[in-house]
Amino acid sequence: ITGATLTTTGNGALTAGGSIAGAGNTAHVSANGVSLQTTGTGDIGSGGTPFFVSVNSLTAATAGAAGNDIFVREESGLTALDLNSGLGNATVLERA
């Protein structure tokens, strides 16, 4: 998934068979909570371009194919966090 934007006052989810790419420097997801998941081989964001979110609750998983990397930047302050990168790396940058 590239170029996705999700805005809601509730919860949302993005699921992809491959990578969920980050782009630019504004939130791709603005919601109470979001679940990001890759079901095949693929990363969420990248070291140079993390996937931006503005949420209270973040769940991110790339463990579907033994694990890939998760790179997320959170813009508003987290109250709940659940990451599963399997054998991959997980990085969350927070700007609150």
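Refer to the preceding data block for the structure.
Since this is a predicted model, take the numbers as computed values, not measurements.

A. Representation of the overall build of the protein in the model. Looking only at helices and strands, the protein has 0 helices and 9 strands in total. For the protein, whose C-alpha radius of gyration is 12 Å, the value lies close to the compact-globule estimate of 12 Å for 96 residues. For the protein, the C-alpha atoms occupy an extent of roughly 30 × 25 × 25 Å along the three principal directions. Put simply, 28% of the contacts in the protein that link residues at least 6 apart link residues at least 24 apart. For the protein, the accessible area works out to roughly 4600 Å², and carbon and sulfur atoms hold 46% of it.

B. The arrangement of the pattern of salt bridges in detail. Using the criterion set out here, one finds 1 salt bridge in the structure. Linking Glu-75 and Arg-73 is a salt bridge whose minimum nitrogen-to-oxygen distance equals 2.8 Å.

C. Region of the structure containing the sheet that holds strand S4 (residues 33–38). Sheet architecture is open: 4 strands sit in the order S2-S4-S6-S8, paired in parallel fashion. The open sheet is flanked by strand S2 (11–16) and strand S8 (80–84), the only strands paired with a single partner. Along the sheet, successive strands turn relative to each other by an average axial angle of 5 degrees, direction set aside. Pairing of S2 with S4 involves 6 bridges; the strand directions are parallel. Bridge pairing in S4 places Thr-15 opposite Gln-37.

D. A look at the pairing of S4. The pairing of S4 with strand S6 (residues 57–61) spans 5 bridges and is parallel. Looking across to S6, one finds that Ser-35 is bridged to Thr-59.

E. Expanded view of the sheet that holds strand S3 (residues 29–30). What the 5 strands build is an open sheet, ordered S1-S3-S5-S7-S9; its pairing is parallel. Each of the sheet's edge strands pairs with one partner strand only, and the pair in question is strand S1 (6–7) and strand S9 (90–94).

F. Representation of the nonpolar core. Residues Val-29, Leu-36, Ile-44, Phe-51 and Val-53 are the most contacted members of the largest nonpolar core, which totals 15 residues. Within the residue set of this core, elements represented by two or more residues are S2, S4, strand S5 (51–54), S6 and strand S7 (70–74). The contacts of Ile-44, once residues within four sequence positions are left out, are Ile-20, Leu-36, Gln-37, Thr-38, Phe-51, Ala-60, Ala-61, Thr-62, Asp-69, Ile-70, Phe-71 and Val-72.

G. Summary view of the side chain of Glu-74. You can see Glu-74 is positioned in strand S7. Buried charged residue Glu-74 carries no salt bridge. Nearest counter-charge: Arg-73, at 8.6 Å. There is a polar contact of 2.7 Å between the side chain of Glu-74 and the backbone nitrogen of Ser-76. Those residues within four positions of Glu-74 in sequence are excluded, and the remaining contacts are Val-53, Ser-54, Val-55, Leu-93, Glu-94 and Arg-95.

Rules used in this analysis
Residues numbered from 1 in each chain as written. Predicted model: local features only at pLDDT ≥ 70, side-chain atom pairs only at ≥ 80, totals over all residues. Heavy atoms only, no water. Helix = DSSP H or I, 4+ residues; strand = E, 2+ residues; numbered from the N terminus. Rg over C-alpha atoms; globule rule 2.2 N^0.38 Å. Contact = heavy atoms within 4.5 Å. Areas by Shrake-Rupley, 256 points an atom, 1.4 Å probe, with all protein chains shown as cover. Salt bridge = Lys/Arg side-chain N within 4 Å of Asp/Glu carboxyl O. Pairing = 2+ DSSP bridges. Axes fitted to C-alpha atoms, helices over the stretch in contact; angles between N-to-C directions. Core = buried A, V, L, I, M, F, W, Y, C linked by side-chain atoms within 4.5 Å. Buried < 20%, exposed > 50% of the residue type's maximum accessible area, 1.4 Å probe, protein only. Lys, Arg positive; Asp, Glu negative; His and termini not counted. Polar contact = N/O pair within 3.5 Å; in protein donor to acceptor, adjacent residues only side chain to side chain.

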